[in-house]
Amino acid sequence: MSEQSEGFQPDTVLDACGLHCPLPLLKAKQALAGLAAGQLLEVRSTDAGSWRDMASFTDQRAHTLEGREQRDEVYVYWIRKAGDAHS
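In this text, all values refer to a predicted model and were calculated from it rather than measured experimentally. Position numbers for residues count from 1 along each chain, tracking the sequence in the order it is written. In keeping with the model being predicted, local features are shown solely for residues with a pLDDT of at least 70 and side-chain atom pairs are shown and tallied solely at 80 or more, while totals for entire chains, interfaces and linings include all residues. To obtain the side-chain values, all non-hydrogen atoms of the structure were used and water was disregarded.

Asks: Quick question: what am I supposed to make of the packing of aromatic side chains here?
Replies: Two numbers describe a pair of aromatic rings. These are the distance of the centres and the angle of the planes. Working definition: a ring pair exists when centres of Phe, Tyr or Trp rings (six-membered ring for Trp) sit within 6.5 Å. Plane angles under 30 degrees give stacked, over 60 give edge-to-face, the rest tilted. A complete count under the given rule lists three aromatic pairs for this structure. With a centroid separation of 4.8 Å and 25° between ring planes, the pair formed by phenylalanine 8 and tryptophan 78 is classed as stacked. Here phenylalanine 8, found in the segment before β1 (12-16), pairs with tryptophan 78, found in strand β4 (residues 74-80); they are 70 residues apart in sequence, far enough to count as distant. Each member of the pair, phenylalanine 8 as well as tryptophan 78, is classed as buried. Numbering of helices and strands runs from the N terminus; a helix is a DSSP stretch of H or I covering at least four residues, while a strand is a stretch of E covering at least two. Relative accessible area decides the class of each residue, using a 1.4 Å probe on protein chains only: under 20% of the type maximum gives buried, over 50% gives exposed, and in between gives partly exposed.

Dropping the structure here:
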């Protein structure tokens with residue numbers, strides 16, 4: 001069983017499973033703050049609201065939502081940190 005879908009090779013993996021809104025998003029923001037521009041964060045969450053939250057967050061912050069998928073009860077997101085001019 002492959003841990004990364006679509007060939008994504010994340011620099012950091014955040015396991016936010018079991019956390020309820022808004023914690024998965026807040027944890028993702030914190031994780032992104034620790035990454036360099038262009039690095040890839042993988043977020044795993046069991047909160048269904050995160051599907052909408054992650055998309056809205058990346059649209060507003062100029063980060064790139066490279067992909068997302070649902071694996072049974074777990075939602076997985078790949079977010080690329082924006083460049084210095086957009087962070």
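Asks: Sorry, what's going on with the environment of glycine 34 here?
Replies: Structurally, the position occupied by glycine 34 is in the loop between α1 (23-33) and β2 (40-45). Accessibility expressed as a relative area gives 66% for glycine 34, which makes it exposed. Separated by 22 residues in the primary sequence, glycine 34 and threonine 12 have C-alpha atoms spaced 9.6 Å apart.

Asks: Quick question: what am I supposed to make of the pairing of β1 here?
Replies: Note on pairing: two strands pair once DSSP finds at least 2 bridges between them. As defined by bridge partners, β1 adjoins β2 across five bridges and the pair is classed as parallel. Bridge pairing in β2 places aspartate 15 opposite arginine 44. When the strands point away from the viewer, a crossover counts as right-handed if the route from the first strand across the helix to the second turns clockwise. With respect to chirality, the unit in which β1 leads through α1 into the neighbouring parallel β2 is right-handed.

Asks: What am I meant to see in the pattern of salt bridges here?
Replies: Side chains carrying opposite charge are able to pair once their charged atoms draw close together. Whenever Lys or Arg places a side-chain nitrogen within 4 Å of a carboxyl oxygen from Asp or Glu, that contact is recorded as a salt bridge. What the rule picks out here adds up to four salt bridges. One salt bridge in this structure joins glutamate 66 and arginine 80, with 2.9 Å as the shortest N-O distance. Placement of the pair is glutamate 66 in strand β3 (residues 64-71) and arginine 80 in strand β4, with a sequence separation of 14 residues. The class of arginine 80 is partly exposed, set by a relative accessible area of 28%. One salt bridge connects glutamate 69 with arginine 71, and the closest N-O pair in it is separated by 2.5 Å.

Asks: What should I look at first to understand helix α2 (residues 50-61) in this one?
Replies: Each α-helix turn comprises 3.6 residues. Residues three or four places apart therefore point the same way. Here, expected helix span is obtained from the residue count minus one, scaled by 1.5 Å. Taking 1.5 Å per residue as the helical rise, α2 with its 12 residues ought to reach 16 Å, and the 16 Å between its terminal C-alpha atoms agrees with that figure. Along α2, the residues classified as buried are Ser50, Asp53, Met54, Ala55, Phe57 and Thr58. Working rule for contacts: check all heavy atoms of both residues, and any pair within 4.5 Å makes them a contact. Taken together, the buried residues of α2 touch α1, β2, β3 and β4.

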